[in-house]
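# Commentary on secondary and tertiary structure
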Amino acid sequence: MTDPHSARPHAVVLIPGDGIGPEVIDAARRSIDATGVHVRWIEHAAGANAAEKFGKTLPDDTLDAVRKHGVALKGPCGTPIGGGHKSVNVAMRQALNLYAAVRPVRTIDGIKTRYDNVELVIVRENTEGLYSGIEHEVVPGVVEALKIVTEKACLRIAEYAFRYAREHQRKKVTVFHKANIMKMTDGLFLNCAHAVHEHYPDIEFGALIIDNGCMQLVKDPSRFDVLLLDNLYGDIISDLCAGLVGGLGVVPGANIGAEVAVFESVHGSAPDIAGKGIANPLAAIMSGVMLLNYLGETKAAERIKAAYNVMLASGDPALRTKDIGGTASTGSFTQALFDRITKGGPHAA
Ligand code: NAD
């Protein structure tokens, strides 16, 4: 076996973000370091904290570092509602062309919900649609947002979803759309999915009008496999699906581009609990597991996953945070996980 300490380090950009970001990102970083995989963390700022320090929510240095090193672990960044600055998250995905958001949502043994056997993956178009950020006032009292949809981006995300399905032994890709109303924009998204499906006869294809899709998801999420969604629908359905498996504390994500990948939880900066030491760091830790897999460090990824799976399956409230029915703080959960990964401490197997 190769000694992970002697291997060339992976350079990974670390963006703590706002609110609970620094707390959960620190937990993810500690979990990865506990495996012994040699990562050189290169910290950069983004979000409201960056605006305070550098006068910009998304400093050029941060973007340049992600471009240079090709991979980042990112905490959530807050965006003011109504006025104020543009979303850092949307801007970063557009600037780095991180066109596919990949969000696995699964039932976790030991986390009680209304559903069993949820095992789906959201593939969200990440660069255009209503999140293009083009809004203006037509005349006082009338405002307009442009939903930009291009054939190129639709084909690219559909291709990603079907390829993902094939590579991960998934059986079906389902598109949610509103092409009955938005005939051109959602129509193009749907038609592109149909066209790409022709090259993937081994994968089943389904399409549902999104309102019906939401009802079906809540009724029986186990019937869904890969969900292919545009930017806005993907954002909303991600939180809905998180609610099926225990909440935002347990759903990780990756933003994938041609040359760059940024790993981040689905959840936001959670200002209501920031600084209280009660945030669930699992979503960030799971995003770190996705990052390790992306780097080819599959054994380390498995070690972290096995450690938290055992902790959750134990049902011990001291080994889970409040949002999923436990009593652990962010810190005590992270320490218990760290001990288990390193197999030296009181919670080790
Ligand atoms: P949120 O995801 O931050 O929080 C929603 C609810 O879930 C809150 O009650 C929160 O306490 C809870 N929650 C979220 N993560 C949790 C965790 N790890 N552990 C325990 N509970 C958790 O959504 P919001 O409150 O609507 O948004 C807050 C800010 O985050 C906004 O400024 C929004 O724009 C931003 N945001 C950023 C991202 C991102 O950076 N990718 C994603 C979503 C929202």
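What comes next is a walk through the structure. (Residues numbered from 1 in each chain as written. Predicted model: local features only at pLDDT ≥ 70, side-chain atom pairs only at ≥ 80, totals over all residues. Heavy atoms only, no water.)

### Considerations on the pattern of salt bridges
Throughout the structure, instances matching the rule amount to 14 salt bridges. The salt bridge partner of aspartate 64 is arginine 67, with a shortest N-O separation of 3.1 Å. Remark: arginine 67 and aspartate 64 occur in helix α3 (residues 60-69); sequence separation between them is 3 residues, near one turn of the helix. Taking the relative accessible area as the measure of exposure, arginine 67 reaches 43% and is therefore partly exposed. In this structure, glutamate 159 and arginine 163 form a salt bridge, with 3.9 Å as the shortest nitrogen-oxygen distance. Of this pair, glutamate 159 and arginine 163 both sit in helix α5 (residues 151-167), 4 residues apart, roughly one helical turn. Classification of arginine 163 as partly exposed rests on a relative accessible area of 30%. Here the salt bridges do not stand alone but share partners, grouping Lys74, Arg93 and Glu264 into one network. (Salt bridge = Lys/Arg side-chain N within 4 Å of Asp/Glu carboxyl O. Helix = DSSP H or I, 4+ residues; strand = E, 2+ residues; numbered from the N terminus. Buried < 20%, exposed > 50% of the residue type's maximum accessible area, 1.4 Å probe, protein only.)

### Observations concerning the pairing of strand β5 (residues 119-125)
Burial within β5 is extensive, with 6 of its 7 residues counted as buried. Bridge count between β5 and strand β10 (residues 226-229): 4 bridges; the pairing is parallel. Pairing of arginine 124 across the sheet is with leucine 229, part of β10. (Pairing = 2+ DSSP bridges.)

### Re the packing of helix α7 (residues 210-219) against helix α8 (residues 231-245)
Two elements in contact, α7 and α8, have axes separated by 11 Å at closest approach and are oriented at 15°. Overall, the two elements α7 and α8 adopt an arrangement that is roughly parallel. As for the relative orientation of α7 and α8, their crossing is right-handed in sense. Contacts between α7 and α8 involve Ile210, Cys214, Leu217 and Val218 from the former and Tyr233, Ile237, Leu240, Cys241 and Leu244 from the latter. (Axes fitted to C-alpha atoms, helices over the stretch in contact; angles between N-to-C directions. Parallel < 35°, antiparallel > 145°, perpendicular 65-115°, else oblique. Left-handed = near helix turned anticlockwise from the far one by under 90°. Contact = heavy atoms within 4.5 Å.)

Nothing here speaks to function; it is all geometry.
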